[in-house]
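Report on the structure
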Amino acid sequence: MTEHNFEHMRRAMVASQLRTTGVNDPRVIAAMSAVPRERFVPADRVPMAYADALVPLGNGRDLNTPMSLGRMLTEAAPQPEDRALVIGAAAGYAAAVLSQLVASVVAVEEDPELAAAARQALSGTEVKLVEGPLTKGHKAGAPYDLILIDGAVEFVPDAIVSQLAETGRLAAAMLVQGVAQISIGRRGGAGFGMAAVSDAASAILPGFVRPKGFQF
């Protein structure tokens, strides 16, 4: 495929997958129009890069759908001065998009192969890639104004919530009875609460299994 093909596919993604599903923040639209999604998938999956579906990345992980990422970013309202953390960097796409919208991005990935792919794909950006357990976040860089968990999880660990700034926001797809719901969390002082926005197909992140007895 040529660059012209990919540009056409990006425009089609914006028109049919983003604008029709509540992704209406002009900055988010511009960022997702600018970042070449095809650079963040395995070579044999490039034709699927702009599909309205999860794209397999290997080792049981998937690239999130454009709609899921777009809605999370739109609802989280990233600001130019924000310090952001991406949990579940995978091959780096969400971090690359977010880096167009905020002051700084730290991205955490625990799979060594995906981290290596992300490091290569993110070359030339200012994203800081960190290898480590996804459920731990990256305390050394906290506090963050925005935390993006790029995938579906059953719960958000306290270790991650504690890394939010006092008025910080957190975006994730929460699994509720097997259904992924794009949700936005906000921290206010010692409190933290999340509200569902919409259902959306979303890549499931490993390790975020609700502890026995946990209530959301």
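Refer to the preceding data block for the structure.
Residues numbered from 1 in each chain as written. Predicted model: local features only at pLDDT ≥ 70, side-chain atom pairs only at ≥ 80, totals over all residues. Heavy atoms only, no water.

1. Some points on the overall build of the protein
What counts here: Helix and strand definitions here come from DSSP, where helices need a minimum of 4 consecutive H or I residues and strands a minimum of 2 consecutive E residues; each element is numbered from the N-terminal end. Throughout, the radius of gyration refers to the C-alpha atoms, and the reference size of a globule is 2.2 Å times the residue count to the power 0.38. Here the term buried applies to any residue with accessible area under 20% of the maximum for its type, exposed to any over 50%, and partly exposed to those in between, with areas from a 1.4 Å probe on protein chains only. Residue contacts are defined here by distance: any two heavy atoms, one from each residue, within 4.5 Å place the two residues in contact. Note on areas: Shrake-Rupley with a 1.4 Å probe; residue coverage comes only from the protein chains shown. A residue counts as positive if it is Lys or Arg and as negative if it is Asp or Glu; His and the chain ends are not included. The atoms used to mark charge sites are NZ of Lys, CZ of Arg, CG of Asp and CD of Glu.
On a plain count of helices and strands, the protein comes out with six helices and nine strands. Radius of gyration (C-alpha) of the protein: 16 Å, near the 17 Å computed for a compact globule of 216 residues. Along the longest, intermediate and shortest principal axes, the C-alpha atoms of the protein span 50 × 35 × 35 Å. Classification of the 216 residues of the protein by burial places 52% in the buried group. Long-range pairs, those at least 24 residues apart, make up 55% of the contacts in the protein between residues at least 6 apart in sequence. Accessible area of the protein: about 9,600 Å², with a carbon and sulfur share of 52%. Averaging the locations of the 19 positively and 22 negatively charged side chains of the protein gives two centres separated by 3 Å.

2. With respect to the pairing of strand β6 (residues 144-153)
As a reminder, the rule being used: One requirement defines pairing of two strands: DSSP has to find at least two bridges between them.
β6 sits mainly inside the fold: nine of its ten residues count as buried. Inspection of the sheet shows strand β3 (residues 83-87) paired to β6 by four bridges, in the parallel sense. Of the residues in β6, the one forming a bridge with L85 is I147. Sheet analysis places β6 next to strand β7 (residues 164-176), joined by six bridges and oriented parallel. The residue bridging L148 from the neighbouring strand is A171, located in β7.

3. Concerning the pattern of salt bridges
The condition is simple: Each salt bridge in this description consists of a side-chain nitrogen of Lys or Arg and a carboxyl oxygen of Asp or Glu lying within 4 Å of one another.
Enumeration over the complete set of coordinates arrives at five salt bridges. Between R10 and E38 there is a salt bridge, and its shortest N-O distance comes to 3.2 Å. Here R10 is found in helix α1 (residues 3-18), whereas its partner E38 is found in the loop between α2 (26-34) and β1 (55-58), with 28 residues between them in sequence. According to the relative accessible area criterion, E38 is buried, its value standing at 9%.

4. Some remarks on the packing of aromatic side chains
To keep things clear, this is the line we draw: Pairing of aromatic rings covers Phe, Tyr and the six-membered ring of Trp, with a centre-to-centre limit of 6.5 Å; geometry is then stacked below 30 degrees between planes, edge-to-face above 60, and tilted otherwise. Only Lys NZ and Arg CZ are tested; either one counts as a charge over a ring when it is within 6 Å of the ring centre and within 35 degrees of the ring normal.
Evaluated as defined, the whole model comprises one aromatic pair. Their ring planes at 65 degrees and their centres at 5.8 Å tell us that F40 and Y93 sit as a pair that is edge-to-face. One end of the pair, F40, is in the loop between α2 and β1; the other, Y93, is in helix α4 (residues 93-99), and 53 residues separate them in sequence. Given a relative accessible area of 4%, F40 falls into the buried group. Here the basic side chain of R37 rests over the ring of Y93, its NZ or CZ set 4.9 Å away from the ring centre.

5. Comments concerning the sheet that holds β3
The criterion, for reference: Only the stretch in contact is used when fitting a helix axis, every axis being a line fitted to C-alpha atoms; angles between N-to-C directions are given from 0 to 180 degrees.
Read from one edge of the open sheet, seven strands run β5-β4-β3-β6-β7-β8-β9, paired in mixed fashion. In this open sheet, the two edge strands, each paired with only one partner strand, are β5 (128-131) and β9 (191-199). The sheet shows a mean angle of 20 degrees between the axes of neighbouring strands, direction not considered. Against the sheet, helix α5 (residues 112-121) engages β4 (104-109) and β5, with an angle of about 170 degrees to β5.

6. Regarding unusual backbone geometry
Across residues other than glycine, the phi torsion is negative in most instances, and most of the peptide bonds are trans. The amide bond that connects A142 to the next residue, P143, takes the cis arrangement and shows omega of 5 degrees. For P143, the location among the structural elements is in the loop between β5 and β6. For A90, which is not glycine, the phi torsion reads 50 degrees and is therefore positive. Along the chain, A90 falls in the loop between β3 and α4.

7. Focus: the side chain of H138
Relative to the helices and strands, H138 is located in the loop between β5 and β6. In this structure H138 comes out as buried when scored by relative accessible area, which is 14%. If we ignore the near neighbours within four places in the chain, the residues touching H138 are L85, V106, V108, K128, V130, Y144 and Q163.

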